[in-house]
Amino acid sequence: MTDTTSEPTSAEPTPTGAAAAPESPTPASAWATRLARRAQGGPSELAAVLALSGAGGDLVDFSGGFPDPTLFDTGLLAELAAKAIETRPEVSLQYASNLGLPSLREALRADFSRTQSRVPEEDELIVTSGGVDAMTLLSKALLDPGDAVLVESPSYLGAFGVFRTHEGVCVPMAGDAAGLDPDSIGPAVATARARGAEPKMLYVIPDFQNPSGLWLSTERRQAIIDAARRHGLLIIEDVAYRDLAFDGTTRPSIWELGPDVTVQIGTFSKTFTPGTRMGWAAGPAPVIAALAEAKTNTDQCAGALGQCILEDMLRTGHYTQALPGLREAYGQRGRALIGAFAQVLAPAVPDATWTEPAGGFFTWVRLPGIDTKELATAAASHGVAFVPGSPFYADARRSEHLRMSFSRTPIERMPEGVARLVGAIESVR
């Protein structure tokens, strides 16, 4: 008879009934080296801002661009959410189309006519999970590794992260006190190509820009469109703050002036709620179709419950009825911060300058001779928070600028916060 008994492979056989020794666990730190290259840089600048915004305590916080939660109509939202669940559970609690609920898209198309002279066709509009989702879908659909995205200087730091995660190269354009300089687009295209990066897209925030608060003129908007047509660029027009002009006025959007070369991306996070993650993208039908396909491979669809609530807000007029109150509240905050600069910052730091926004959430402060990244550390110890200017530049240059958000800082604490800022400035000089 053949003996099929296995021979022990070591000098010390395992005793009968004893459990096998467990393998050594992999240290958590070891996984850092196994991450994809795009994830090995550690926490992003945006993650740091979000963490600081949630720090609480006695901090006077001018950092994150968050809407003021006291302005949310929670009673109305609860009523509309209950209504959607009770009357449309098969819609509100189910998966939606990757393009968004047809009924919401119809309501959104109607809302376009409120401030714009053009309404997107049905195949020119998609519902997204906020504005960053729209940037992500555009990056997935248009960027090949090494392609260039032309960006303002400064610009929204979160956009840089999205484009770079999808292996895009951010190439800065130039700006001045009036915003993006259209004459800088051609040189930026040449710079990108000299670096071996084919320019595909141009990202711009024309209304109360993040971080500068500047409002781009109609003339410059048209000049940007003309340059995009010359160079074969797709403009990404981010209109996150368009509805928040303090006086309620608007300027023609880049999309309505140049729909053939523009995708307009928007969000309701500033005017409705960020927690529902509602946004949109409107642009040429072939691009929107590509975004829908990309969305199928990310989160599949925007949340249906949020879509139902937003649709009801739009159809009943609750959304537009809320806008004057929001504009007044944010306008009061903006004016209060500018007033605190004049009363507290200017006497102590005579060479300090700042923008005076006509809408949105931000002002952009310049402190000549001061590295605001170094200042941010000192400011935290003085009990005040802002975002230093460096991350808002694609090349992360040393910056004398800082962004201060007034959107959810109590007006009564603004003079104190600016005084703390002055104390931090004096400590680093």
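Scroll up for the structure.
These lines cover the structure that appears in this document, whether it is placed above or below. (Residues numbered from 1 in each chain as written. Predicted model: local features only at pLDDT ≥ 70, side-chain atom pairs only at ≥ 80, totals over all residues. Heavy atoms only, no water.)

Brief notes about the overall build of the chain
To keep things clear, this is the line we draw: Under the scheme used here, helices are H or I runs from DSSP no shorter than 4 residues and strands are E runs no shorter than 2 residues, and both carry numbers assigned from the N terminus. Type-normalised accessible area, obtained with a 1.4 Å probe on protein chains alone, sets the label of each residue: buried when under 20%, exposed when over 50%, and partly exposed for intermediate values. By the convention used here, residues are in contact when the closest approach between their heavy atoms is within 4.5 Å. Accessible surface area values rest on a Shrake-Rupley calculation with a 1.4 Å probe, where residue burial reflects the displayed protein chains alone. As used throughout, the charge tally considers Lys and Arg to be positive and Asp and Glu to be negative, leaving His and the chain termini uncounted. Positions of charges follow a simple convention, taking NZ of Lys, CZ of Arg, CG of Asp or CD of Glu.
Of the regular secondary structure elements, the chain holds 14 helices and 15 strands. Viewed in the frame of its principal axes, the chain has a C-alpha envelope of about 95 × 55 × 55 Å. Across the 429 residues in the chain, those meeting the buried criterion constitute 50%. Intrachain contacts of the chain at a sequence separation of at least 6 include 74% that bridge at least 24 residues. Total accessible area computed for the chain in this model is approximately 19,300 Å², and 54% of it derives from carbon and sulfur atoms. Averaging the positions of the 36 positive and the 50 negative side-chain charges in the chain gives two centres separated by 4 Å.

Some thoughts on helix α7 (residues 185-194)
Threshold: In this description, one arc is meant: the one made by directions from the helix axis to the C-beta atoms.
Among the residues of α7, those classed as buried are Ile185, Ala188, Val189 and Ala192. Taken down its axis, α7 places every buried residue within 105° of arc, on the same side. The inward-facing, buried residues of α7 contact β3 (148-151), β4 (169-172), β7 (199-204) and α8 (218-231). At the C-terminal side of α7, Gly196 shows a positive phi close to 80°.

Focus: the pairing of β7
Basically, it comes down to this: The pairing criterion is simple: DSSP has to find at least two bridges between the two strands.
Taken across its six residues, β7 has five buried, putting it largely inside the fold. One ladder, built from four bridges, connects β3 with β7; its direction is parallel. What sits directly across from Leu150, in β7, is Leu202. Here four bridges tie β7 to strand β8 (residues 234-238), and the two strands are oriented parallel to one another.

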